[in-house]
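# Overview (structure and organization)
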Amino acid sequence: MPKTDRLYYADCYLREFQARVLRSEPAANGFKVYIDRTAFYPASGGQPTDFGAIAGIQLVEAVDEGDEIAHLLRQAPEAEDVTGKIDWARRFDHMQQHTGQHILSAVFERIGSYKTVSFHLGEDSSSIDLDSDRLGARQLEEAEDAANQVVFENRTVRISFQPAGEASRLDLRKPTAREGEVRLVEVEGFDLSACGGTHVSGTGAVGLILLRKVERMKGSTRVEFLCGGRALRQARRDFRVLSEAARLFSAALDTVPELIAKQSQELREGIRGREKLVERLAEYQAKELWQVAPVIDGRHVVRQVFPAEELAQAKMLAHALAKLPLTVALLAVKGKPTALFFAQTSGGPLEMGSVLKQTVMKFGGKGGGGRDFAQGGGIEESRLAEALAYAEALMAQSPPP
Ligand SMILES: [Zn+2]
């Protein structure tokens, strides 16, 4: 098999090229097309595949098969001579991220001998894994500053080729195991790496380098970063989010975190205060209901259906009623699902769990509980009143106190 001539090796800025189709093979969802030369970068070394088109047919993926590069297309081109067109926005974005990664990796080596053990160029953000979990916030900021300084200096990024023997004698950031000819990417006066990826021609084109999330794992640290267009779009999104938060607080951007902390505190206090009030309200309501409740076999029986929004109150009311003497509470709450709270004064003669169980068995629902308190639900809303009447009738079978 002849080797595919990798045009992107020498010229990363080549967006369109002519090639000859050597052969096409059927593959899953289309064809593997082999051409004599290509500017399409195949997924490898952490950098994803290029997109674009060959003879107007969309490229699904370029695959590195060693000597050859397979181009996955939905259909095989009919002509033998074809034009390849790179999706340049995607490619240039990859070039910004990849050169940015070389700069970052070199910077981390300089500030703390942290070695990059892997690189991932993702759809939204990219990351490098460093071989240490001891990086502090200060070092990360220092690295970000140093990386952007290299960008500001707009150093030339030069690509060259050397026989492996020669390359191994050079001061590479990471030794290479490649044989034959080695492709070298040099950030002038700053970094020299063996790499097959696509790069911008000067560090200025990388644009801003932003460090994002930092994840410390055992023995390593994953640093997420954004370069160039991605950094711009993210900064814009961040500003939009922050502005929206500030608008909601009618405050200046800088004061947003402080205001959120203050409001959370107020909210927590408010919730606690409301809970106390609802509890006291339940006690008053319980007394009122108790006074007007019919007395059956010497027990005050409070039987009532509540609207859905009073679910929490109804439960508290059941507990409050059970604190009053000689009381039985049979409370139901509408909603989806409906709820039941059965309670009696502690030491009463009934088995509230058993009364509730029998009720839900008859009316379709579930639940249970102990002697003095039981809860359940799931009975149809329209049958709640009937279910409570049934529960009260069950009580009559128990002996009076
Ligand atoms: Zn690289």
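For the structure, see preceding data.
Quantities reported herein were computed from a predicted structural model and do not represent experimental measurements.

What follows concerns the side chain of S220. Examined against the element boundaries, S220 turns out to sit in strand β15 (residues 220–227). What makes S220 buried here is its relative accessible area of 14%. Setting aside residues up to four positions removed in sequence, S220 forms contacts with L130, D131, S132, D133 and E215.

So, about the nonpolar core. Residues I103, L104, F108, I128 and I209 are the most contacted members of the largest nonpolar core, which totals 32 residues. In terms of residue count, helix α2 (residues 88–112) provides more of this core than any other element does, eight residues in total. Here I103 is in contact with A147, V150, V151, F190, T203, V206 and I209, once residues within four sequence places are set aside. With 20 residues, the next largest nonpolar core counts V301, M352, L384 and L388 among its residues.

With that settled, consider the sheet that holds strand β5 (residues 52–54). In sheet architecture, strand pairing relies on hydrogen bonds along the backbone and comes in two forms, parallel and antiparallel. Sheet architecture is closed into a barrel: six strands sit in the order β2-β3-β7-β6-β5-β8, paired in antiparallel fashion. Across this sheet, the average inter-strand angle for adjacent strands is 45°, counted without regard to direction. Taken together, the three bridges between β5 and strand β8 (residues 81–86) define a ladder with antiparallel strand orientation. Bridge pairing in β8 places G52 opposite I86.

A few words on the coordination of the zinc ion. Ideal geometry at a metal centre gives angles of 109.5 degrees when four donors are arranged tetrahedrally and 90 or 180 degrees when six donors are arranged octahedrally. Protein coordination of the zinc ion is provided by H98 (NE2), H102 (NE2) and C195 (SG), with donor distances spanning 2.1 to 2.3 Å. In the primary structure, the donors to the zinc ion are separated according to the pattern H-x3-H-x92-C. Residue H98 and its partner H102 are both found in helix α2; the two are separated by four residues, about one turn of the helix. For the residue pair H98 and H102, the accessibility class agrees, reading buried in each case.

Basis of the calculations
Numbers given to residues run from 1 along each chain, matching the order in which its sequence is written. Given that the model is predicted, a residue must reach a pLDDT of at least 70 before its local features are reported, and side-chain atom pairs must reach 80 or more before they are shown or counted; all residues, however, enter totals for whole chains, interfaces and linings. Derived side-chain values reflect all non-hydrogen atoms in the structure, with water molecules and hydrogen atoms excluded from consideration. By the criteria applied, helices consist of DSSP H or I runs no shorter than four residues and strands consist of E runs no shorter than two, each listed in order from the N terminus. The cut-offs for exposure are 20% and 50% of the maximum accessible area for each residue type, with area from a 1.4 Å probe on protein chains only; residues under the lower value are buried, those over the upper are exposed, and the others partly exposed. Working rule for contacts: check all heavy atoms of both residues, and any pair within 4.5 Å makes them a contact. Buried Ala, Val, Leu, Ile, Met, Phe, Trp, Tyr and Cys residues form a nonpolar core when they are joined through side-chain atoms within 4.5 Å. Note on pairing: two strands pair once DSSP finds at least 2 bridges between them. Note on geometry: axes are C-alpha line fits, over the in-contact stretch for helices, and angles between N-to-C directions span 0 to 180 degrees. Coordination here is defined by N, O and S atoms within 2.8 Å of the metal (3.2 Å for Na, K and Ca), and since water is not considered, a site can look incomplete.

Coordinates in, geometry out; function isn't part of it.
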